[in-house]
Amino acid sequence: IYAFNAADGKQVWRFDVVPDSGPARSTWKNVTERNPPTGGATWTSYSLDPDAGVLWVATGNVAPDFLLALHPGKNLYTSSVIALDAKTGRFLRYVQPITNDFHDWDMTSPPALIKTDAGRLIAAAAGKDGLLHGIDRSQVKAGAKPSQKPLKILYSTAVTTRDQTYTPLNTNTETHFCPGTQGGTEWNGPAFSPKQNLLFVNSVDWCASVKLADSATLTGVRGRPWAGSGDPQRAFGRNDPKEMWGGWLTAVDADTGAVRWKYKSPTPMLAAVTPTAGGVVFTGDLNGDVMAFDSANGSVLWKHATGAALAGGVISYEAGGRQRVAVAAGFSAANWPLPKLNSRVIVYGLP
């Protein structure tokens, strides 16, 4: 993780998610030249708390993804949410919502930094494990003494199908589990409506099956996936047929983690979620439908077909005294069974 001077581009600080030394390094076991400590790469942007001077970072999974035998232990700071001093990059605190991961379940999206109706300071983070985690951030501020004591998770709420999450993988047969390696929440994280004290999070409902490689004979190749799958044609497992996929938009009480309502989508939900002060929530699906929901109860107010999968940003803004909503339509479909189409930005507004 890097910080650069905006004026001249010079590096200000660097933080290594996979450390070379210190207490976190001791959490890496079974390290050899053939099996170096690796993984932890970040997927998306980070979240800044300017008042506390803290940068919040969600990190990716350990590698090889599926083989616990090659990465026993916590493997800090993979699959974690890390708090850093924004000015210096100094480590402050962490929490690892996904421990001993063997499903390729990264923490994939920037946490939403919120203050709830009850006055709780929470970092709301969602990842590929299909859970929304409410993390207590009340004691985290720049200048505080660093601590290896994990931050407290106040609640973990399921926002998609979770099945066989603890069933061990094996080298003889495929093991089916949900969320799959494309499942859970990806790229665009939770959004908060202070007016209703609700968190809104999109998710993927798509399971997968994985057969393990033999850890004694697994050999990595530079530039190729180091996942641990025993199927050379499917480095990250076999996803269920497209006909079996789906998704969810879930509204969650920000204080308690209780689900207030859910919308079942015919496709995975990857797009950003944007709640507005008027009680409307905007998002979209992989069919290309832009949707507006009543944030209080989840009813669909309107939808419009764009013709291209929605997996990017959704923003609301004012221009000329009128509200506009802009969506990014089009999706790089390298790992998704979708047509390749030109991308565009579409803007909506009242007449």
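From a predicted model like this one, the values you see are computed outputs, not experimental measurements.

Visitor: Teacher, can you tell me more about the side chain of Asn188 here?
Guide: Along the chain, the position of Asn188 falls in the loop between strand S11 (175–177) and strand S12 (191–193). A distance of 2.9 Å separates a polar atom in the side chain of Asn188 from the backbone oxygen of Leu270. Among residues more than four places away in sequence, those in contact with Asn188 are Ser109, Leu270, Ala271, Ala272, Ala311 and Gly312.

Visitor: Looking at this model, I keep getting lost on the pattern of salt bridges. Mind explaining?
Guide: A pair can form between side chains of opposite charge whenever their charged atoms are brought close. In total, this model carries eight salt bridges according to the counting rule given. Ionic pairing is found between Asp49 and Arg137, a salt bridge with its closest N-O pair at 2.9 Å. Of this pair, Asp49 sits in strand S3 (residues 47–49) while Arg137 sits in the loop between strand S9 (131–136) and strand S10 (153–158), and the two are 88 residues apart along the sequence. Classification of Arg137 by relative accessible area gives buried; the value is 9%. When the shortest N-O distance is used, the salt bridge between Asp104 and Lys128 registers 2.9 Å.

Visitor: Would you mind going over unusual backbone geometry with me for this structure?
Guide: Where the residue is not glycine, phi is negative for most of them; where a peptide bond is considered, it is trans in most cases. Note the cis peptide between Ala63 and Pro64, where omega equals 0°. Looking at the secondary structure, you find Pro64 in the loop between strand S4 (54–58) and strand S5 (81–85). Cis geometry marks the peptide bond from Leu76 to Tyr77; its omega dihedral reads 10°. Counting through the fold element by element, Tyr77 comes out in the loop between S4 and S5.

Calculation notes
Residues numbered from 1 in each chain as written. Predicted model: local features only at pLDDT ≥ 70, side-chain atom pairs only at ≥ 80, totals over all residues. Heavy atoms only, no water. Helix = DSSP H or I, 4+ residues; strand = E, 2+ residues; numbered from the N terminus. Polar contact = N/O pair within 3.5 Å; in protein donor to acceptor, adjacent residues only side chain to side chain. Contact = heavy atoms within 4.5 Å. Salt bridge = Lys/Arg side-chain N within 4 Å of Asp/Glu carboxyl O. Buried < 20%, exposed > 50% of the residue type's maximum accessible area, 1.4 Å probe, protein only.

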